[in-house]
Protein chains: 2
Amino acid sequence: MTDKILTGDRPTGQLHLGHYVGSLRARVELQNQHPQTILIADMQGLTDNGHNPAKVAENILNVLADYLAVGIDPQRTTLCLQSGLPALAELTQFYANLVTVSRLERNPTVKAEIASKEFGASIPAGFLTYPISQAADITAFRATLVPVGDDQLPMIEQTNEVVRKVNNVAGQELLVECRALIGKASRLPGVDGKAKMSKSLGNALVLGASEKDISKAVKKMYTDPGHLRIEDPGKVEGNVVFTYLDAFHPDEALVAGLKEHYQRGGLGDGQVKKVLEECLQELLAPIRERRERFIADKGELMRILQAGTQAAREETGVVLQDLKKAFGLPIL
Amino acid sequence: MTDKILTGDRPTGQLHLGHYVGSLRARVELQNQHPQTILIADMQGLTDNGHNPAKVAENILNVLADYLAVGIDPQRTTLCLQSGLPALAELTQFYANLVTVSRLERNPTVKAEIASKEFGASIPAGFLTYPISQAADITAFRATLVPVGDDQLPMIEQTNEVVRKVNNVAGQELLVECRALIGKASRLPGVDGKAKMSKSLGNALVLGASEKDISKAVKKMYTDPGHLRIEDPGKVEGNVVFTYLDAFHPDEALVAGLKEHYQRGGLGDGQVKKVLEECLQELLAPIRERRERFIADKGELMRILQAGTQAAREETGVVLQDLKKAFGLPIL
């Protein structure tokens with residue numbers, strides 16, 4: 001049996017080049033190889049934006065437009081909205097009785113995220129328990145393959161623990177375990193050279209960026225601070241311009257040549273940046289154009305989201321029904 | 001505007017005389033005065049029976065039959081099943097983002113319950129968070145009056161905290177606060193004289209008890225251990241037989257006379273027990289008969305549960321939709 005893929009994003013901002021390299025590009029390929037569901041995870045987005053639902057709500061159609069713009073095809077990929085799928089909340093509630101509070105507190109991903117956010121002693125219950133909700137997402141779609149970064153491996157482990165516990169209580173192989181699909185792509189640094197591109201860090205280039213934004217971003221891009229004169233040898237490692245060329249430029253030989261020249265000396269940052277800018281302009285122009293077309297037709301976006309969510313509602317409803325039957329509960 | 005009542009029971013066993021005195025009797029009256037919803041709280045029952053769903057599942061129709069047997073009328077009271085109401089799980093998930101883990105850990109009712117159960121370090125996440133789920137139950141029905149024991153007051157407080165937080169985020173009076181309705185009835189002790197009648201303590205007399213069960217229970221009932229000879233004065237305080245006569249005998253003057261005689265001396269336990277047994281047989285015979293009729297027709301029970309749950313599904317769905325609209329989320 002072919003693997004079933006579940007993936008998704010929290011709609012807390014427009015998607016950017018980091019998403020493109022880290023996941024979107026792969027999804028466009030994967031949809032030709034596997035059944036694939038992409039969840040716009042608004043409920044998860046609310047777990048740490050509980051006091052600001054507008055931030056999440058406003059970005060649902062932004063993210064959907066980003067998906068469509070990069071070439072995710074609603075005929076091949078089920079695009080759906082988490083808050084439109086009651087079975088996910090219901091399964092979460094069933095699973096929550098089989099996961100202990102201390103197990104959640106030991107989840108390394110959650111621990112790291114709690115440390116990095118500014119919750120202090122005020123961790124929302126929904127945030128602590130979101131791994132249970134993720135287990136519901138994955139199992140409700142009977143997903144077997146979940147594309148994640150390696151920092152998310154504890155989530156897969158916790159999901160499979162839930163699967164085994166539920167199956168044990170149900171006395172049958174009700175839910176299926178999943179595997180992580182670790183992407184080949186390394187994480188794209190921000191334009192400022194920081195390890196992670198992130199909208200909240202202000203170092204992101206969004207997929208809908210204008211020609212001018214792209215140009216500005218490349219101009220201020222972090223290079224080799226020791227490369228003061230053109231004739232000096234420059235460093236390629238940690239030089240964001242080259243990292244981006246590696247990530248985006250279709251002509252590997254050309255990039256290799258530029259690197260060699262830069263390291264030898266005699267190649268100015270401006271020239272390398274010009275090559276990168278052209279490449280990014282070329283990559284993003286059709287994405288921006290498609291994105292603008294979709295964003296201009298909210299009705300069509302809503303129809304796509306509605307259709308995908310309806311299909312997902314039926315699919316996830318079956319798993320919920322199966323669980324209720326296995327637990328002896330009436331289907332009303 | 002008249003108050004709307006929400007109440008319910010966890011279906012973890014048949015209902016007994018303790019429920020009758022503590023809540024059922026009042027509900028039969030209240031259904032003539034207020035819109036009333038009674039929730040068979042199977043999802044809550046699972047929060048500490050996660051590994052044994054059969055215990056909960058098997059008792060759903062038992063509890064429903066108990067309700068009908070004591071005179072709760074599905075034409076006046078909405079009788080519904082918690083697991084059949086997805087909006088409750090969905091609202092729980094929204095609210096969970098506005099309640100901190102430490103606030104839950106400070107909830108006195110939850111603290112006491114965790115101490116009394118044998119979770120050890122293994123508190124299920126669903127158990128810690130069940131006050132959020134109760135807030136969802138209450139607010140989803142826009143209930144303003146919630147009959148509770150005084151040990152449950154912290155639950156009402158926590159619910160109203162959620163109401164204020166949600167309304168604050170929504171920027172409108174979306175949810176309504178509720179008040180506790182503290183019953184006049186004091187808690188019925190077990191037949192063994194222990195403070196609480198409870199099926200798991202083995203000191204309960206269930207509503208469906210047979211004539212023989214009632215007779216046996218009364219015979220072994222705790223009286224005054226110092227009352228050795230009939231002619232000795234006996235104690236009425238802590239004497240379960242008199243507590244039950246107070247709770248159930250319709251003729252207060254007769255009970256007062258018996259007490260006086262018992263305290264004076266010359267009235268044997270056997271004679272008092274005979275009066276109590278007659279009274280309990282009379283009370284429970286029609287309840288048992290009705291109960292048996294209902295239990296024999298599972299199809300009819302399911303139709304009643306289905307109809308009530310369907311009505312409740314519509315009612316609670318409206319509140320969920322209102323919240324989504326207020327939060328700016330699409331209704332798909």
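Small disclaimer: the values here were computed from a predicted structure and weren't measured.

Rules used in this analysis
- Residues numbered from 1 in each chain as written.
- Chains lettered and ligands numbered in written order.
- Predicted model: local features only at pLDDT ≥ 70, side-chain atom pairs only at ≥ 80, totals over all residues.
- Heavy atoms only, no water.
- Helix = DSSP H or I, 4+ residues; strand = E, 2+ residues; numbered from the N terminus.
- Axes fitted to C-alpha atoms, helices over the stretch in contact; angles between N-to-C directions.
- Parallel < 35°, antiparallel > 145°, perpendicular 65-115°, else oblique.
- Left-handed = near helix turned anticlockwise from the far one by under 90°.
- Contact = heavy atoms within 4.5 Å.
- Nonpolar A, V, L, I, M, F, W, Y, C, P; charged D, E, K, R; others polar.
- Least-squares fit on C-alpha atoms with pLDDT ≥ 70 in both.
- Phe/Tyr/Trp six-rings, centres within 6.5 Å; stacked < 30°, edge-to-face > 60°.
- Buried < 20%, exposed > 50% of the residue type's maximum accessible area, 1.4 Å probe, protein only.
- Disulfide = S-S within 2.5 Å.
- Salt bridge = Lys/Arg side-chain N within 4 Å of Asp/Glu carboxyl O.
- Domains from an automatic or database assignment.
- Buried area = accessible area lost by both parts, 1.4 Å probe.
- Polar contact = N/O pair within 3.5 Å; in protein donor to acceptor, adjacent residues only side chain to side chain.
- Pairing = 2+ DSSP bridges.
- Right-handed = clockwise from strand over helix to strand, strands pointing away.

Engineer: Which parts of the structure should I look at to understand unusual backbone geometry?
Structural biologist: Leave glycine aside and you will find that most residues have negative phi; peptide bonds, for their part, are mostly trans. Phi is positive for arginine 142 of chain A, which is not a glycine, with a value near 50°. Relative to the assigned elements, arginine 142 of chain A resides in the loop between helix H9 (130-140) and strand S4 (145-148).

Engineer: Help me out: how do you make sense of the packing of helix H12 (residues 240-248) of chain B against helix H14 (residues 269-296) of chain B in this one?
Structural biologist: To describe two helices that pack against each other, one gives the angle between their axes and the distance between the axes. All names here are of chain B. The contact between H12 and H14 brings their axes to 10 Å, and the two run at 40°. Of the possible angle classes, the one that applies to H12 and H14 is oblique. Here H12 and H14 pass one another in a crossing that is left-handed. Taking contact as the criterion, the partners of Val241, Phe242, Tyr244, Leu245 and Phe248 in H12 are, on H14, Val272, Lys273, Val275, Leu276, Cys279, Leu280 and Leu283. Across the contact of H12 with H14, the residue classes tally to eleven nonpolar, no polar and one charged.

Engineer: Can you walk me through the relation of the copies chain B and chain A in this structure?
Structural biologist: Here two copies of a chain appear, and what relates them is a rotation about an axis with a shift along it. Expressed as a screw operation, the relation of chain B to chain A combines 0.0 Å of axial shift with a rotation of 180°, fitting to an RMSD of 0.0 Å. The transformation just described matches what one would write down for a two-fold rotation axis. Mapped onto chain A, 100% of the interface residues of chain B again fall at the interface, so both copies present the same surface.

Engineer: Before we go on, may I ask you to explain the packing of aromatic side chains in this structure?
Structural biologist: Two measures describe an aromatic ring pair: the distance that separates the ring centres and the angle between the ring planes. In the structure shown here, the tally under the stated rule is twelve aromatic pairs over all chains. Measuring from ring centre to ring centre gives 5.9 Å for tyrosine 244 of chain B and phenylalanine 248 of chain B, while their planes differ by 65°; the resulting arrangement is edge-to-face. In this pair, tyrosine 244 of chain B and phenylalanine 248 of chain B both sit in helix H12, four residues apart, roughly one turn of the helix. Phenylalanine 248 of chain B matches tyrosine 244 of chain B in its accessibility class, with the two residues each being buried. Following the ring pairs from residue to residue traces out a cluster consisting of Tyr20, Tyr244 and Phe248 of chain A.

Engineer: Would you mind showing me how to read the state of the cysteines here?
Structural biologist: Formally, a disulfide is one covalent bond, and it connects the sulfur atom of one cysteine to the sulfur atom of another. Summed over all chains, the structure comprises zero disulfides over all chains. Here cysteine 80 of chain A stays free of any disulfide, with the sulfur of cysteine 178 of chain A as its closest cysteine sulfur at 16 Å.

Engineer: Which parts of the structure should I look at to understand the pattern of salt bridges?
Structural biologist: Opposite charge on two side chains lets them pair, provided their charged atoms get close. Tallied over the entire structure, the rule returns 32 salt bridges over all chains. Notably, a salt bridge pairs lysine 117 of chain B with aspartate 48 of chain B, separated by 2.6 Å at the nearest N-O pair. Of this pair, lysine 117 of chain B sits in the loop between helix H7 (108-116) and helix H8 (125-128) while aspartate 48 of chain B sits in the loop between helix H2 (42-46) and helix H3 (53-57), and the two are 69 residues apart along the sequence. Of the residues examined, lysine 117 of chain B reaches a relative accessible area of 28% and is grouped as partly exposed. Where arginine 142 of chain B meets aspartate 322 of chain B, a salt bridge forms, and the shortest distance between an N and an O atom there is 2.8 Å. Here arginine 142 of chain B, found in the loop between helix H9 (130-140) and strand S4 (145-148), pairs with aspartate 322 of chain B, found in helix H15 (residues 298-327); they are 180 residues apart in sequence, far enough to count as distant. Judged by relative accessible area, aspartate 322 of chain B falls into the partly exposed class, the value being 25%. In this structure, a network of salt bridges that share partners links the residues Arg10, Asp48 and Lys117 of chain A.

Engineer: When you look at the domain arrangement of chain A in this model, what are you seeing that I'm missing?
Structural biologist: One frequently used descriptor of interface size is the decrease in accessible area upon assembly of the parts. All names here are of chain A. Split into domains, chain A comes out as domain 1 (5-188 + 298-327) and domain 2 (208-292). The C-alpha centroid of domain 2 is placed 34 Å from the C-alpha centroid of domain 1. On the domain 2 side, the residues contacting the 13 residues of domain 1 number ten residues. Buried surface at the junction of domain 1 and domain 2, summed over both partners, amounts to about 980 Å²; 62% is from carbon and sulfur atoms. Among the residues domain 1 hides against domain 2, the three largest losses belong to Leu17, Ala69 and Leu188. Together they make up 49% of the total. Remark: the boundary between domain 1 and domain 2 carries one salt bridge. With its nearest N and O atoms 2.4 Å apart, the salt bridge here joins arginine 291 to aspartate 66. Across the domain 1-domain 2 interface, the total number found is five residue pairs in polar contact (both at pLDDT 80 or more). Elements represented by at least two residues in the side of domain 1 that touches domain 2 include exactly helix H1 (17-30) and helix H4 (60-70). With six residues, the top contributor of residues to the side of domain 1 that touches domain 2 is H4. Partitioning the side of domain 1 that touches domain 2 into residue classes produces eight nonpolar, three polar and two charged.

Engineer: Would you take a moment to explain the interface of chain B and chain A for this structure?
Structural biologist: The partner chain A presents 51 residues to the 51 residues of chain B that form the contact. Buried area between chain B and chain A, both sides added, is near 4000 Å², and the carbon and sulfur share of it is 68%. Among the residues chain B hides against chain A, the three largest losses belong to Gln93, Asn97 and Leu332 of chain B. Together they make up 19% of the total. Applying the counting rule to chain B against chain A returns zero salt bridges. Counting only elements with at least two residues in the side of chain B that touches chain A, the list comes to H2, H3, helix H5 (86-96), helix H6 (101-106), H8, H9 and H15 of chain B. Across the side of chain B that touches chain A, the residue classes tally to 29 nonpolar, 17 polar and five charged.

Engineer: Honestly, the pairing of strand S5 (residues 179-182) of chain A in this entry has me stumped. Any pointers?
Structural biologist: Regular strands show a simple pattern: their side chains alternate between the two faces of the sheet. Residues and elements named next belong to chain A. In this sheet, S5 lies alongside S4 in parallel orientation, the contact comprising four bridges. Along S5, the bridge assignment pairs valine 148 with isoleucine 182. Taken together, S4, helix H10 (residues 153-170) and S5 form a β-α-β motif whose crossover is right-handed.

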